[in-house]
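Residue-level structural notes
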Amino acid sequence: MAEDDETGVAAEAELKKGFETLEVVQPDRSVPVHYIYLNRPAQRNALTPAFFTDLPRALALLDRLPSARAIVLAARGPHFCAGIDLSTLAATSSPRSADRAAASELLRRRILALQATISAVERCRKPVVAAIHGACIGGGLDLVAACDIRCCDEGAFFAVKEVDLALAADLGSLQRLPSIVGYGNAADMALTGRGVPAAEAKAMGLVTRVFPSRAAMEEGVAALARGLAEKSTVAMMGTKAVMLRSRDLTVDQGLEYVATWNSAMLMSRDLEEAVRAQLEKRKPNFSRL
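To keep things clear, this report deals only with the structure shown in the data block. Just so you know, these numbers come straight off a predicted model, no measurement behind them.

1. Things to note about empty space enclosed by the protein
If a probe as big as a water molecule is rolled over the atoms, it shows which places are left empty. Tallied over the full model, the rule gives one cavity of 30 Å³ or more. What the largest cavity holds in volume is close to 30 Å³. Lining of the largest cavity is provided by T21, L38, N39, R40, N45, A46, L47 and F51. Considering only residue class, the lining of the largest cavity consists of four nonpolar, three polar and one charged.

In structure tokens, the structure reads:
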């Protein structure tokens, strides 16, 4: 427990140093939920090079923080995210080298580094809930596709816009969307670049909950995150890990994977506490991770 406390203190100290493109807050110290806000509202939260450093750092710190049992990814300003900043895109796509092969390899490494930032959302052990309002375009859609649960207000809309910039989306939409919305819907979005309104996004499964207003969404997402935070972190971590792994496996392979996982995790203190709390008709007191 002392080691957990030291880890938490160190992570909190790092979080207090702040971020260039994000704001990370815990609105209520009694509730183990942290919010990561995209925080460039004047630029519609377009993703700059600093963002691709800030986000994995923030997620790694929250992953280590015992007081963060659930994470909400939201945004300041009228829009969630307008995609990658065009100056960032231009710099990324134009490596300087006289050697064509060397330039291509440099560009490949840059793309892989950007991809790793988005994938950090999936790799975080804690559940990540996206709260989306306004525009969620291009890189913004890549980002929310990596979240565990997606919610939006009625004014939100979504678009894979890379095709209109004469390129193929390369930060995860083309890989994650088919398993979320089905191949046909993903192809429709990716090939046309059209805006998908909230109601259609709900119908195709891109979001699971649509709220009538931004205020209602913020209230609803807060309640959702509180509910997640009350559950066993061991169980949440295991459920997230098994689902992500099983996505790329056959059913039989996925069953074997979860059997192996639970052969260790079923021996957790949290399982004993959950059973005891049920019998004693009280709220469980789960371990901190």
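There is more to say after this.
2. Focus: the pairing of strand β4 (residues 128–132)
The buried fraction of β4 amounts to five of the five residues, a majority that puts the element mostly inside the structure. Burial along β4 is two-sided: V128, A130 and I132 facing one way and V129 and A131 facing the other are all buried. Two elements, β4 and strand β6 (residues 149–153), share four bridges in a ladder whose sense is parallel. Among the inter-strand pairings, A130 is bridged to a residue of β6, identified as R150.

3. Considering unusual backbone geometry
Look at R44: it is not a glycine, yet its phi comes out positive at around 55°. Following the sequence through the fold, R44 ends up in the loop between β2 (33–38) and α2 (51–64). What makes R44 partly exposed here is its relative accessible area of 47%. Even without being a glycine, A166 presents a positive backbone phi close to 65°. Checked against the element boundaries, A166 lands in the loop between β7 (157–159) and α6 (173–181). Residue class for A166 comes out exposed when judged on its relative accessible area of 75%.

4. A closer look at a nonpolar patch on the surface
Residues L266, L271, V275 and L279 make up a contiguous nonpolar surface patch of roughly 390 Å² in combined accessible area. Here L266 is to be found in the loop between α11 (251–265) and α12 (269–280).

5. Examining the pattern of salt bridges
Opposite charge on two side chains allows them to pair when their charged atoms are near. For the coordinates displayed, the defined rule picks out 20 salt bridges. For the salt bridge of E14 with K17, the shortest nitrogen-to-oxygen distance reads 2.7 Å. Accessibility expressed as a relative area gives 27% for E14, which makes it partly exposed. Taking relative accessible area as the criterion, K17 reaches 59% and is therefore assigned exposed. In this structure, the salt-bridge partner of D63 is R125, at a minimum N-O distance of 3.1 Å. One end of the pair, D63, is in helix α2; the other, R125, is in the loop between α4 (100–123) and β4, with 62 residues separating them in the sequence.

6. Points about the sheet that holds strand β3 (residues 70–75)
The strand order across the open sheet formed by six strands is β1-β2-β3-β4-β6-β9, and the pairing between neighbours is mixed. The open sheet terminates on both sides in strands that have one partner only, identified here as β1 (22–25) and β9 (209–211). The sheet shows a mean angle of 20° between the axes of neighbouring strands, taken without regard to direction. Sheet topology note: the β1/β2 ladder contains four bridges and is antiparallel. Note that in β2 the partner of V24 across the bridge is I36.

7. Quick look at the packing of aromatic side chains
Tallying each qualifying case throughout the model produces three aromatic pairs. Arranged with centres 5.7 Å apart and planes meeting at 15°, the rings of Y35 and Y37 form a pair that is stacked. Classification of Y35 by relative accessible area gives buried; the value is 12%. Ring geometry for F51 versus F52: centroids 5.2 Å apart, planes at 85°, classification edge-to-face. Residue F51 shares its accessibility class with F52, and that shared class is buried. Just above the ring of Y37 sits the side chain of R76; from NZ or CZ to the centre is 3.6 Å.

The rules behind these values
Residues numbered from 1 in each chain as written. Predicted model: local features only at pLDDT ≥ 70, side-chain atom pairs only at ≥ 80, totals over all residues. Heavy atoms only, no water. 1 Å grid on protein atoms, 1.4 Å probe; cavity = no way out; pocket = protein on both sides within 12 Å on 5 of 7 lines; lining within 4 Å. Points joined across faces, edges and corners; volume = space filled by probe spheres on them. Nonpolar A, V, L, I, M, F, W, Y, C, P; charged D, E, K, R; others polar. Buried < 20%, exposed > 50% of the residue type's maximum accessible area, 1.4 Å probe, protein only. Helix = DSSP H or I, 4+ residues; strand = E, 2+ residues; numbered from the N terminus. Pairing = 2+ DSSP bridges. Patch = residues over 30% accessible without salt bridge, like charges linked within 9 Å, V, L, I, M, F, W, Y side chains within 5 Å. Areas by Shrake-Rupley, 256 points an atom, 1.4 Å probe, with all protein chains shown as cover. Salt bridge = Lys/Arg side-chain N within 4 Å of Asp/Glu carboxyl O. Axes fitted to C-alpha atoms, helices over the stretch in contact; angles between N-to-C directions. Phe/Tyr/Trp six-rings, centres within 6.5 Å; stacked < 30°, edge-to-face > 60°. Lys NZ or Arg CZ within 6 Å of the ring centre and 35° of its normal.

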